[in-house]
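The primary structure of each chain is shown beneath.
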Amino acid sequence: MKHLVLIGGGHAHLAVLSALAKQQTTPLHLTLITPQIQQTYSGMLPGWLAGHYRLDECQINLPPLLTAAQGQLLLDQVTHLDATQQVLTTATGRNIHYDLLSINIGSETALMSNQETAAIPITPIRPLDGFINSWPSILKAAQQPPYRLAVLGGGAAGVELALAIQYAFQQQAPQATVHLLASSLLADHARSVQQRVRDRLLQAGVNLYLSRAKLQGEQLILADDEPLEVDHVIAATGAKAADWLASSGLSLDQQGYIAVNAYHQSCSHPNIFAAGDICSRIEPQFGRSGVHAVYAGKLLAENLPAFSKHQPLKQYQPKQRSLYLLATGPKQAIASWGAWSAEGAWVWRWKNHIDQKFMRQYRLTAPTLNTSEQLS
C-alpha cells in the first residue's frame, strides 16, 4: 500500500480527509503531520476576537477526521524535505518516507527586517496558534491606559483584525487605541469596497495611516519621519514561504512558493501536490485566498487517489472573481465581488451562515485517536 503523507491540516487537507473517510476501503496508507491537534478556521477568527464566537466554535478537531479516514496523526513539524529521495525530516528527528505527498501549510508572516531587535513587542498573525495564544495577554494589557496597538497591513486580514480588535477594546478596554498602518488599503478590491472600509474604520475610531513604517526603539517611524508611539504591534503584513522549501529540490517561484500546474501538482516532482497559500500557480496567476484553498481541496481529494491508481487528473480553473465577506467588528460585514459591494447586518448573517456550514461538514465525533509515535 502506498504511503500518502499530508503536511499541514489546512482547509484543502480537510477536504482530502473528508473524502477519504467516505470511501469504504482506503487505497492509501495515510499520515497527517501537523503541530496542532486542532485546525483554526481563519474565516471566523475576527468574530472570535470581537467576542461573537467561542474559540472552540472556530476550531476543527483533527483526530475524528483521521480516525474516519483510517489515518495516523503525527503531532510534529516538517523541517526538511528531500523531494528526490522522497523523505522528509521533522522537528523531533523523525525521517519519514512517502510515495505521495501533499503540502497545505499556508504561509508565514513576513516581518520587518529589524523586528528581532525592536523594543516594541510584535505578534505576527501567522501562525494563527501563536497569535491566538497571545491575544488574552494583549487584551489584559489594553485595560491599563494608555494603551496603543498598531496593526500593520492593509489587506483583508489587517482590516478585519483592526476592526475586530477595536470592537473588543470598546467592550473591555474603552481607553485603548487602535492604529492601522498600510502602504495601501485593499489594493485588490474595487474603490467602492475601499471607501466602505475607510468609512467603517472612521466610524469605529480606528486611526488609519496610509504610510510605510519602520521600527525605531519604542516607536514606529512613518514615511514622513513622523513618530508613532505604540505599545504593541500585530503584523498582518506580507506573506513568505516556509524556509525549508528552499533546500527541498522542488521547483519554486521567485518568492519561494511551490510552483504547481493546473492539477495542483508540483512542476518538478509529479508525486508532490500542494494547495493554499504555500503554492503558486504559474498560469493563470491568482491571489492567495482561503477561497482557492477550499476549491483546491476538493480537487486534491480526487487527484491524490487518482494519481496513486495512474488515473487521469482533474484541473482547477479559478474563477475570474471571488466573493469576499469582510467582518467589520460588530455583527456587520462588507461584501466584495468584483465591482459590486454591499454592507450591513445581513451581510454578517450571510457570512456567518457560510462559515457555520463550512465548520459543520468537518465536525465529527469519533473515538480518540492515538497519535503515531512509531514512524521511521
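Along every chain, residues carry numbers that run from 1 in the direction the sequence is written. For this predicted model, a pLDDT threshold of at least 70 governs which residues receive local features, and a threshold of 80 or more governs which side-chain atom pairs are given and counted, while totals over whole chains, interfaces and linings are taken from all residues. Think of the side-chain values as coming from all heavy atoms in the structure, minus any hydrogens and water.

Draft legend 1. Geometry of the confidence of the model for the protein. Confidence of the predictor at the level of single residues is given by pLDDT, which spans 0 to 100. The pLDDT averaged across the protein works out to 89; a share of 91% of its residues lies at or above 70. Residues are treated as being in contact if the distance between any of their heavy atoms lies within 4.5 Å. Confidence over residues 366–376 falls short of pLDDT 50; this stretch has 23 contacts with residues more than four positions distant or in other chains.

Draft legend 2. Quick look at the sheet that holds strand β1 (residues 2–7). Within the open sheet, the 5 strands sit side by side as β5-β2-β1-β9-β21. Their pairing is parallel. With partners counted over all chains shown, the strands left at the sheet margins are β5 (72–75) and β21 (272–274), one partner each. Pairwise comparison of adjacent strand axes, ignoring direction, gives a mean angle of 20° for this sheet. Here the rule is simple: two strands pair whenever DSSP picks up at least two bridges between them. Helical segments are the DSSP runs of H or I of at least four residues, strand segments are the runs of E of at least two, and each set is numbered from the N terminus. Where β1 and strand β2 (residues 28–34) come together, 6 bridges link them in parallel fashion. The residue bridging L4 from the neighbouring strand is L30, located in β2. Here the axes come from fitting lines to C-alpha atoms, over the contacting stretch only for helices, and the angles between their N-to-C directions go from 0 to 180 degrees. Sitting on the sheet, helix α1 (residues 11–21) touches β1, β2 and β9 (100–103), and the angle it makes with β1 is about 145°.

Draft legend 3. Fine view of the packing of aromatic side chains. Geometry of aromatic contacts follows a simple scheme: Phe, Tyr and Trp rings, the Trp one being its six-membered ring, pair when their centres are within 6.5 Å, and the pair is stacked under 30 degrees between planes, edge-to-face over 60, tilted otherwise. Per the counting criterion, the structure on display carries 7 aromatic pairs. Summarising the aromatic geometry, the rings of F358 and Y362 are spaced 5.3 Å apart at their centres and angled 70° between planes, so their arrangement reads as edge-to-face. Classification of residues uses two cut-offs on accessible area relative to the type maximum, computed with a 1.4 Å probe and protein chains only: under 20% is buried, over 50% is exposed, and between them is partly exposed. The class for Y362 is buried, based on a relative accessible area of 6%.

Draft legend 4. Quick peek at the environment of P64. When you line up the elements, P64 lands in helix α3 (residues 62–68). Using a relative accessible area of 10% as the deciding quantity, one classes P64 as buried. Distance from P64 to R363, taken between C-alpha atoms, is 8.2 Å for residues 299 residues apart in sequence.

Draft legend 5. Spatial organisation of the sheet that holds strand β12 (residues 148–152). Read from one edge to the other, the open sheet built from 5 strands follows the order β11-β18-β12-β13-β14, with strand pairing classed as parallel. The outermost strands of the open sheet, each flanked by one partner alone, are β11 (122–124) and β14 (207–210). On average, each strand axis in the sheet is tilted by 20° relative to the strand beside it, whichever way the strands run. Note that β11 and strand β18 (residues 232–235) share 3 bridges and pair parallel. Bridge pairing in β18 links T123 to I234. Packed onto the sheet, helix α4 (residues 128–142) meets β11, β12 and β18 and runs at close to 140° relative to β11. Helix-sheet contacts for helix α5 (residues 156–172) involve β12, β13 (177–182) and β18, and the interaxial angle to β13 is about 175°.

Draft legend 6. Looking closely at the packing of α4 against α5. It is at 10 Å that the axes of α4 and α5 come closest, and there the two elements cross at 45°. Between α4 and α5, the angle is such that the two are oblique. Every pair of crossing elements has a handedness; the one defined by α4 and α5 is right-handed. The segment α4 lies against α5, with F131, W135, L139 and A142 engaging L161, I165, A168, F169 and Q172. Basically, the charged four are Asp, Glu, Lys and Arg, the nonpolar ten are Ala, Val, Leu, Ile, Met, Phe, Trp, Tyr, Cys and Pro, and anything else, Gly included, counts as polar. By residue class, the composition of the contact of α4 with α5 is 8 nonpolar, 1 polar and no charged. To sort the angles, those under 35 degrees are grouped as roughly parallel, those over 145 as roughly antiparallel, those from 65 to 115 as roughly perpendicular, and the leftovers as oblique. For a crossing to be left-handed, the near helix must be turned anticlockwise from the far one by less than a right angle; the clockwise case is right-handed.

Draft legend 7. Here's a closer look at the pattern of salt bridges. Salt bridges are identified by distance alone: a Lys or Arg side-chain nitrogen within 4 Å of an Asp or Glu carboxyl oxygen. Under the defined criterion, the tally for this structure stands at 11 salt bridges. In this structure, R200 and E343 form a salt bridge, with 2.6 Å as the shortest nitrogen-oxygen distance. Placement of R200 in helix α6 (residues 191–204) and of E343 in strand β25 (residues 340–344) is noted, with a sequence separation of 143 residues between them. Residue R200 is classed as buried on the basis of its relative accessible area of 16%. Taking the relative accessible area as the measure of exposure, E343 reaches 25% and is therefore partly exposed. Here the residues in one salt-bridge network are R54, D56 and E57, joined through shared partners.

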